[in-house]
Amino acid sequence: MARRWVDVVMASPDPALSSHADLLIVGGGPAARSCATAYREHGGAGAVVLVSGDTALPYFRPALSKEYLRGESEEDEIALSTAKAYREQDIAVRLGSTVRTLDVSGRSATLADGTSLTYGDCVLATGAAPAALPVPGADDPRVRYLRSVDSARELRADVEKARTAVVVGSGFIGCEAAVSIARRGVRVTMISQEELPQQARLGAAAGARIAGWLSAEGVQLVGGAEVGSIEDAREVRADGADPVSADLVLVAAGVRPCSTLAESAGVRLEHDRVVVDDRMRSGVAGLFAAGDVAYAHNAAAGRHLMVEHWGEAEAMGAVAGANAAGGDEQWAQAPGFWSMIGDHTVKHVAWGDGYDEARMIGHRDGAFTVWYIADGIIVGVLTHNADEDYERGRELVEQGSRVTGAMAP
Ligand SMILES: Cc1cc2nc3c(=O)[nH]c(=O)nc-3n(C[C@H](O)[C@H](O)[C@H](O)COP(=O)(O)OP(=O)(O)OC[C@H]3O[C@@H](n4cnc5c(N)ncnc54)[C@H](O)[C@@H]3O)c2cc1C
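Reference entry: report on the structure contained in this document. (Residues numbered from 1 in each chain as written. Predicted model: local features only at pLDDT ≥ 70, side-chain atom pairs only at ≥ 80, totals over all residues. Heavy atoms only, no water.)

### Quick look at the site of the ligand
So, point 1. Around the ligand sit 33 residues in total, of which Asp54, Arg61, Lys66, Arg147 and Trp310 are the nearest.
So, point 2. Within the side chain of Arg61, a nitrogen or oxygen atom sits 2.8 Å from an oxygen atom of the ligand.
So, point 3. For the ligand, a nitrogen atom lies 2.9 Å from a polar atom in the backbone of Val99.
So, point 4. Here the shell around the ligand is composed, by residue class, of 14 nonpolar, 12 polar and seven charged. (Near = heavy atom within 4 Å. Polar contact = N/O pair within 3.5 Å; in protein donor to acceptor, adjacent residues only side chain to side chain. Nonpolar A, V, L, I, M, F, W, Y, C, P; charged D, E, K, R; others polar.)

### Here we look at the packing of helix H1 (residues 30-41) against helix H10 (residues 310-324)
When two helices pack together, you describe them by how their axes are tilted relative to each other and by the distance separating the axes.
So, point 1. Contact geometry for H1 and H10: axes closest at 7 Å, N-to-C directions at 35°. Judged by the twist between their axes, the crossing of H1 over H10 is right-handed. Along the contact surface, H1 presents Pro30, Ala31, Ser34, Cys35, Ala38 and Tyr39, while H10 presents Trp310, Ala313, Glu314, Gly317, Ala318, Ala320, Gly321, Ala322 and Ala324.
So, point 2. Of the residues contributing to the contact of H1 with H10, the split by class is 11 nonpolar, three polar and one charged. (Axes fitted to C-alpha atoms, helices over the stretch in contact; angles between N-to-C directions. Helix = DSSP H or I, 4+ residues; strand = E, 2+ residues; numbered from the N terminus. Left-handed = near helix turned anticlockwise from the far one by under 90°. Contact = heavy atoms within 4.5 Å.)

### What to know about the nonpolar core
So, point 1. Core analysis: the biggest nonpolar cluster contains 107 residues, and Leu24, Leu102, Leu124, Ile181, Val188, Met280 and Trp331 have the highest contact counts within it.
So, point 2. For this core, the element with the most residues is helix H6 (residues 172-182), which contributes seven residues.
So, point 3. Filtering out sequence-adjacent residues up to four positions away, Leu102 remains in contact with Ser108, Ala109, Tyr119, Cys122, Leu124, Leu261, Ala265 and Leu287.
So, point 4. In this structure, Val143, Ile191, Ala225 and Val244 belong to the second largest nonpolar core, which totals 19 residues. (Core = buried A, V, L, I, M, F, W, Y, C linked by side-chain atoms within 4.5 Å. Buried < 20%, exposed > 50% of the residue type's maximum accessible area, 1.4 Å probe, protein only.)

### Overview of the pattern of salt bridges
So, point 1. Scanning the model with the defined rule gives 29 salt bridges in all.
So, point 2. Its salt-bridge partner being Glu75, residue Arg153 comes within 2.7 Å of it at the nearest N-O pair. With Arg153 in helix H5 (residues 149-161) and Glu75 in helix H3 (residues 75-78), this residue pair connects regions lying 78 residues apart in the sequence.
So, point 3. Using a relative accessible area of 31% as the deciding quantity, one classes Glu75 as partly exposed.
So, point 4. Here Arg142 makes a salt bridge to Asp232, at a shortest N to O gap of 2.9 Å. (Salt bridge = Lys/Arg side-chain N within 4 Å of Asp/Glu carboxyl O.)

### A closer look at the sheet that holds strand E27 (residues 377-384)
So, point 1. One open sheet accounts for five strands, arranged E23-E24-E27-E26-E25; its pairing is antiparallel. Each edge of the sheet is formed by a strand with only one pairing partner; in this case those strands are strand E23 (336-341) and strand E25 (357-362). In this sheet, neighbouring strand axes are inclined to one another by 15° on average, regardless of whether the strands run parallel or antiparallel.
So, point 2. Summarising the sheet, strand E24 (residues 344-350) and E27 pair through four bridges and their orientation is antiparallel. Note that in E27 the partner of Val349 across the bridge is Val381. (Pairing = 2+ DSSP bridges.)

This is the structure in C-alpha cells:
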C-alpha cells in the first residue's frame, strides 16, 4: 500500500495535507473512525485523511459522563486506538482542525487554517453538539455543557471544587452525569421540563424507575420546571420551582446535529440532518454522511431515522467506509444503546420515532422490561437486568412482530 498520508498531526499546517485525499472524512468520532477502518478492511487503498475538530484522537465519548467524570478513568484510558494504529492503517489524522467549506461539485474542501484539498469521496461525520438552552445566562462560558473531552476536563475540574451542582435536563447524559457528580460528594439538583426523567421517550413507568435511582443516589429531582434564566452561572431560575443556587451548572438539554457545513454546501437536509440512503449515500456524487449528523434510511425499518447512539454511529460509519471502498453494505439493524445511571444499566432497542403504548413488566429484584407498541407492532424494548428480553426484543423489533399476550403486565 502506498504510504502517502501517514502522519497523525496536530492543528499546525502540514504540507502533505494540501493536495488530495481519495477519502476525506470530516469528523473524529466513532462514525469517522469506523469509516476509515472499514474502508481499509474492504480493500480501499487510496489516501485517507480524517479531519477532526476534536483535540484528541477518537475516544470513547460515553465514558465522559460516567467513569471519567467520576474520576475512575483518565484521558489516555478512553482513547479508542493509538497514533501508531492509525499510522499502521495509513490513515492521516488532523486534530483540532475543522473543515470550513465544501465544494461538492468540484470535490474540494477548505480547512479553517486555509489549507484546501481535493477529494474523491467525502464522508460527513460531524456528529452533534449540545443544544444551547435558549435562555438568558445559558451562554455564560462558566455554564458547562458536555460533549468533548475538553469540555469533560473542565467539568471534572469544577466538580472537584464544588459542593453543590445543578444539572438542567433529565435525558440520559443528564441522568448519568448527575449520578457521577453526586458520587463525588456533591449535592446535585436536577431541573427538568419533564415530570419524570425521559418520560416522553421511555414512558412514565420507566421514568419513575429512573427517578428512584436518582433519588437513591441523593440527586434531588425538580420535575415539570421550565428554566427561564441562569444568573451569574450559579443560580437557575425556573417556572414552577424555587430558584436553585449552586457552585456549578451543567446543561444537558439534548443535542443539535452539526450540519452547518453540509447546509452551506447546499446538501439536502431534513430535521437538520443530512439525508442519506441505507448505504449512507447522499444525493450528491461522492458524498456520504454517517452518525448523529445523518438522517439515514434504515433498510429494516423501511424509513429514515434520527439516531444519536454510539453503536449506530459506528455502524453507519462502517457502512459508509465499506461503500466508499467499492462495497455494497446497508444499514439494517434496529438502533440500540445502553446507558449506565450509577450501577443501573438500561438497554434500549427501538426505531425511536414514536409508540402509542408502553407496557412495563416487572421482574424479580427490580429488573424490568418495557415493550413499546405502535398499531399492535413492537417498535422498541427497554430492559434493566433482563438480557433475554433485550436479545429477543431486538429480533422482534427488526421483524416487525405483533405484540403477544405474554407481553401483558
Ligand atoms: C457524555 C456523553 C455520553 C454518551 N453516552 C452514550 C451512551 O452511553 N450510549 C450511546 O449509545 N451513546 C452515548 N452518547 C452519544 C454518542 O457518543 C454519540 O451518538 C456518538 O458520539 C455520535 O458519533 P458521531 O461520530 O456521529 O459524532 P461525534 O462523536 O459527535 O463526533 C463528531 C466529530 O466531528 C467533529 N467535527 C464537527 N464538525 C467538524 C468540522 N466542520 N470539521 C472537522 N471536524 C468536525 C467533532 O469535533 C467530532 O470529532 C454519549 C454522548 C456524550 C456526549
